[in-house]
Amino acid sequence: MSFPKFKIIRSRAAKNKGGEAALNDLMPKNKSRSQLKKLGDDRYLAEMTKRIFCSGFVWRVIENKWPNFEDAFVGFDPSIIAAWPDEHFDVLMKDASIVRNYRKIASVRENAWFILDEQKEHGSFGKLIADWPEADIIGLWAHLKKHGNRLGGNSGPYFLRFTGKDTFLLSQDVCACLVNHAVIDKHNPTSQRDLRKVQDCFNAWQDETGLPLAHLSRIAACSVG
């Protein structure tokens, strides 16, 4: 399958944003593999939790309450949270300083177990994230969805983006760009067939430009409108 040349998309994005310099200022920052490996597993659990609570909620509210989340979840130490009994979640449900959604609160322990399992296999969760090839980022999305809790949909990709792992996002604007250029034919690709087309397209754009997936994704979004 042939894919559209990215220079066309970049040109439209730069025009929409007022020029190349303005467009470049919008690019997200990725972490290096070394930085991803050094990031503590408590920070990975914290970011998972933040993305899960932000899903379907006003992000600003979660950000404002985040110091309270850090206190309530003891700094997101996976080994501590993994040992919590069910009764502890009833205590958290009475804590008005956080968002009291039982399923999301309970997901923190599920994801602590997930992180500890990956620690045993890889040495640290960060090593799993750092070593996963960006050419198969949809495979990492699937791994997070299968083995984590509430990390399907956009939660997994946003978790990766905010921890600094290079990934594209399937935002409304990115999907609109892909539909406009006939890469996919619907605005919410969920099948493995469609996701593979998207991955192949981003891989082709990366070969063409040498840019990170995150930059390609942001530029594609900016080209819409």
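Just so it is clear, the model here is predicted, and its values are computed rather than measured. (Residues numbered from 1 in each chain as written. Predicted model: local features only at pLDDT ≥ 70, side-chain atom pairs only at ≥ 80, totals over all residues. Heavy atoms only, no water.)

Draft legend 1. Spatial organisation of the overall build of the chain. Scanning the chain for helices and strands turns up 14 helices and zero strands. In the chain, the succession of α and β elements from N to C terminus is α-α-α-α-α-α-α-α-α-α-α-α-α-α. Here the chain has a C-alpha radius of gyration of 19 Å; the compact-globule value for 225 residues is 17 Å, and the two agree. The dimensions of the chain, computed from C-alpha atoms along their principal axes, are 55 × 35 × 30 Å. Across the 225 residues of the chain, 47% fall into the buried class. Considering only contacts in the chain between residues 6 or more positions apart, those separated by 24 or more positions represent 68%. (Helix = DSSP H or I, 4+ residues; strand = E, 2+ residues; numbered from the N terminus. Rg over C-alpha atoms; globule rule 2.2 N^0.38 Å. Buried < 20%, exposed > 50% of the residue type's maximum accessible area, 1.4 Å probe, protein only. Contact = heavy atoms within 4.5 Å.)

Draft legend 2. Layout of the packing of helix α10 (residues 137–147) against helix α13 (residues 192–209). Relative to each other, α10 and α13 sit at 140 degrees, their axes nearing to 9 Å. One way to sum up the angle between α10 and α13 is to call them oblique. Of the residues in α13, those touching α10 at I137, I138 and W141 are Q192, L195, R196 and Q199. When the residues that make up the contact of α10 with α13 are grouped by side-chain class, the tally is four nonpolar, two polar and one charged. (Axes fitted to C-alpha atoms, helices over the stretch in contact; angles between N-to-C directions. Parallel < 35°, antiparallel > 145°, perpendicular 65-115°, else oblique. Nonpolar A, V, L, I, M, F, W, Y, C, P; charged D, E, K, R; others polar.)

Draft legend 3. Seen up close, the side chain of T163. Summarising the element assignment, T163 is placed in helix α11 (residues 155–163). At 2.9 Å, the side chain of T163 and the backbone oxygen of L160 are in polar contact. Beyond its immediate sequence surroundings of up to four residues, T163 is in contact with K31, L36, L39, Y44 and E47. (Polar contact = N/O pair within 3.5 Å; in protein donor to acceptor, adjacent residues only side chain to side chain.)

Draft legend 4. Broad picture of unusual backbone geometry. Even without glycine at this site, V74 takes up a positive phi of about 40 degrees. Structurally, V74 can be placed in the loop between α5 (59–72) and α6 (78–81). One non-glycine residue, A182, lies in the positive phi region at around 60 degrees. Relative to the helices and strands, A182 is located in the loop between α12 (172–180) and α13.

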